[in-house]
Amino acid sequence: MESDVENCNITASGVISREIGELNLAYMLLAQKLVKQDKAEAMFRLGVGRELADLLANMSLSQIVKLAASNFLLCSFRLDDRPMFAVVGEGKEPALQQAHMSILMAARQAQAQAQAPMRGASAA
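An account of the accompanying structure is given in this report. (Residues numbered from 1 in each chain as written. Predicted model: local features only at pLDDT ≥ 70, side-chain atom pairs only at ≥ 80, totals over all residues. Heavy atoms only, no water.)

1. Here's the deal with the overall build of the protein chain
Thought 1: Scanning the protein chain from N- to C-terminus turns up six helices and zero strands.
Thought 2: Each helix (α) and strand (β) of the protein chain, taken in turn from the N terminus, gives the series α-α-α-α-α-α.
Thought 3: Counting every position in the protein chain, which comprises 124 residues, the buried fraction comes to 19%.
Thought 4: Accessible surface for the protein chain amounts to roughly 9100 Å². Of this, 61% is attributable to carbon and sulfur atoms. (Helix = DSSP H or I, 4+ residues; strand = E, 2+ residues; numbered from the N terminus. Buried < 20%, exposed > 50% of the residue type's maximum accessible area, 1.4 Å probe, protein only. Areas by Shrake-Rupley, 256 points an atom, 1.4 Å probe, with all protein chains shown as cover.)

2. Comments concerning the side chain of Gln-32
Thought 1: Summarising the element assignment, Gln-32 is placed in helix H1 (residues 2-37).
Thought 2: On the basis of relative accessible area, Gln-32 is assigned to the buried category, the value being 10%.
Thought 3: Polar side-chain contacts of Gln-32 include one of 2.9 Å to the backbone oxygen of Leu-56.
Thought 4: Ignoring anything within four residues of it in the chain, the contact list for Gln-32 reads Leu-56, Ala-57, Met-59 and Ile-64. (Polar contact = N/O pair within 3.5 Å; in protein donor to acceptor, adjacent residues only side chain to side chain. Contact = heavy atoms within 4.5 Å.)

3. Here's the deal with the environment of Ile-20
Thought 1: Mapped onto the fold, Ile-20 is located in helix H1.
Thought 2: The sequence separation of Ile-20 and Leu-73 amounts to 53 residues, and the corresponding C-alpha distance is 6.0 Å.
Thought 3: Those residues in contact with Ile-20, other than ones at most four positions away along the chain, are Ser-70, Asn-71, Phe-72 and Leu-73.

4. What to know about a nonpolar patch on the surface
Thought 1: A cluster of nonpolar side chains, contributed by Leu-23, Leu-73 and Phe-77, occupies part of the molecular surface with about 290 Å² of accessible area.
Thought 2: Position of Leu-23 relative to the elements: it lies in helix H1. (Patch = residues over 30% accessible without salt bridge, like charges linked within 9 Å, V, L, I, M, F, W, Y side chains within 5 Å. Salt bridge = Lys/Arg side-chain N within 4 Å of Asp/Glu carboxyl O.)

5. Focus on the packing of helix H2 (residues 39-46) against helix H3 (residues 50-58)
Thought 1: Between H2 and H3, the shortest axis-to-axis distance is 10 Å and the interhelical angle comes to 110°. Compared by their axis directions, H2 and H3 come out roughly perpendicular. Taken as a pair, H2 and H3 cross one another with a handedness that is right-handed. Residues Lys-39, Met-43 and Leu-46 of H2 pack against Arg-50, Ala-53, Asp-54 and Leu-56 of H3.
Thought 2: The residue inventory of the contact of H2 with H3, partitioned by class, reads four nonpolar, no polar and three charged. (Axes fitted to C-alpha atoms, helices over the stretch in contact; angles between N-to-C directions. Parallel < 35°, antiparallel > 145°, perpendicular 65-115°, else oblique. Left-handed = near helix turned anticlockwise from the far one by under 90°. Nonpolar A, V, L, I, M, F, W, Y, C, P; charged D, E, K, R; others polar.)

6. A closer look at the pattern of salt bridges
Thought 1: Enumeration according to the criterion identifies three salt bridges in this entry.
Thought 2: Between Glu-22 and Arg-18 there is a salt bridge; the shortest N-O distance is 3.6 Å. One end of the pair is Glu-22 and the other is Arg-18, both in helix H1 and four residues apart, which spans about a single turn.
Thought 3: Where Arg-45 meets Glu-41, a salt bridge forms, and the shortest distance between an N and an O atom there is 3.2 Å. With Arg-45 and Glu-41 both in helix H2, this residue pair falls four residues apart, about one helical turn.
Thought 4: We classify Arg-45 as partly exposed; its relative accessible area is 45%.

Right under this line is the structure:
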């Protein structure tokens, strides 16, 4: 009985790891496609800097597959803060929701860029 539960947990863990790998691969391929089509827009949409965008654009398929095989989720979702979640849940017109979401994302990106030199200075 105990070994059945243990086997079930191992199987569930394997399934979850495989699904995370599949999600990572889909995300990485989409991110690379976005960067190759329009780097500036991709940087904004993905919330990544120029260095990471360049790295994504230049990765080979085998590098992406290898990186995606990790059992750690490589993408991050932006519904992790209350203002962003509130915009999605307000039931506004889709165009207005998208505008509010863009404003919040732009503000977050600008804040991150403003803090980047400070982080570099404190590391030196």
